[in-house]
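Letter by letter, the chains look like this.
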Amino acid sequence: FIVHDAIDEMPNAQAHRILGTIKEHTWKKDPRSFDELLDAVKYQLEHRFSLFGLTELYDHFLVMAQKTMGWQDIFYRRMNQSKVKTDKTTISEATINTIKEVNALDMALYDFAKDLFRRRCKQIGVSDEVVDTFKAHNKQYDQLLNWHIQ
């Protein structure tokens, strides 16, 4: 399924979403080179997205959103977590290499996005210490909501 022609969601889907080329295989007709596409998607992310997040930095994103969007309540409860984690050792090296190959643009975009996200955090004072304080408060919030569950 990774390289199936009918699936628009696999190859570099994040970059093509940002570029607006994900639908109806329009990304397949884009004549731009890898470097041109990467430059274009970097430009879009940096100049047209005032706020975005990264899954593994979700708490940083919430604090950033609070500061930039004026959100008052950013506390949350983790829900809908998978009970079964994928054992990456069960995925062949060939499959992993294929995934990396067909998603090279997304991987380069991710590296850029992570750096841009960290720079933006620094610019507005979203430090690891600030996020750690939020996490501690969020844990207290969760304990209050779940006081009856031991």
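The rules behind each value
Residues numbered from 1 in each chain as written. Predicted model: local features only at pLDDT ≥ 70, side-chain atom pairs only at ≥ 80, totals over all residues. Heavy atoms only, no water. 1 Å grid on protein atoms, 1.4 Å probe; cavity = no way out; pocket = protein on both sides within 12 Å on 5 of 7 lines; lining within 4 Å. Points joined across faces, edges and corners; volume = space filled by probe spheres on them. Helix = DSSP H or I, 4+ residues; strand = E, 2+ residues; numbered from the N terminus. Salt bridge = Lys/Arg side-chain N within 4 Å of Asp/Glu carboxyl O. Buried < 20%, exposed > 50% of the residue type's maximum accessible area, 1.4 Å probe, protein only. Core = buried A, V, L, I, M, F, W, Y, C linked by side-chain atoms within 4.5 Å. Contact = heavy atoms within 4.5 Å. Expected span 1.5 Å × (residues − 1).

Visitor: Where do I start with the layout of surface pockets in this structure?
Guide: In this approach, a probe sized like a water molecule rolls over the atoms, and the result shows the empty space that is left. Within this model, the largest pocket holds a volume of roughly 310 Å³. For the largest pocket, the lining is made up of 13 residues, of which Gln-14, Leu-54, Leu-109, Tyr-110 and Ala-113 are closest to its centre. Those elements that provide at least two residues to the lining of the largest pocket are helix 1 (13–19) and helix 5 (104–124). For the lining of the largest pocket, the element with the most residues is helix 5, which contributes five residues. Within this model, the second largest pocket holds a volume of roughly 150 Å³. Every residue along the wall of the second largest pocket is listed here: Lys-88 and Ile-99.

Visitor: Help me understand the pattern of salt bridges in this model?
Guide: Within this structure, the stated rule accounts for four salt bridges. Across the salt bridge formed by Arg-77 and Asp-142, the nearest N and O atoms sit 3.6 Å from each other. Separated by 65 residues along the polypeptide, Arg-77 in the loop between helix 3 (58–69) and helix 4 (93–102) and Asp-142 in helix 6 (residues 128–145) bring together distant segments of the chain. Take Arg-77: its relative accessible area is 38%, and that puts it in the partly exposed class. Accessibility expressed as a relative area gives 27% for Asp-142, which makes it partly exposed.

Visitor: Any chance you could explain the nonpolar core here in plain terms?
Guide: Core analysis: the largest hydrophobic core is formed by 28 residues, its most contacted members being Leu-45 and Phe-117. Residue assignment for this core shows that the elements contributing at least two residues are helix 1, helix 2 (34–48), helix 3, helix 5 and helix 6. By residue number, the principal contributor to this core is helix 5, which donates seven residues. Non-local contacts of Phe-117, meaning those with residues more than four positions away in its chain, are made with Phe-52, Gly-53, Leu-54, Leu-57, His-60, Phe-61 and Met-64.

Visitor: Just to check I follow, could you spell out helix 3 for this structure?
Guide: Side chains three or four residues apart in an α-helix point the same way, a direct result of the helix having 3.6 residues per turn. With 12 residues, helix 3 extends 16 Å from end C-alpha to end C-alpha; this agrees with the ideal 16 Å at 1.5 Å per step. Along helix 3, the positions that sit buried rather than exposed are Asp-59, His-60, Phe-61, Leu-62, Val-63, Met-64 and Ala-65. Those residues of helix 3 that are buried are in contact with helix 5 and helix 6. Downstream of helix 3 by a residue or two, Gly-70 has a phi angle that is positive, lying close to 75°.

Limitation: the analysis is restricted to geometry and does not speak to function.
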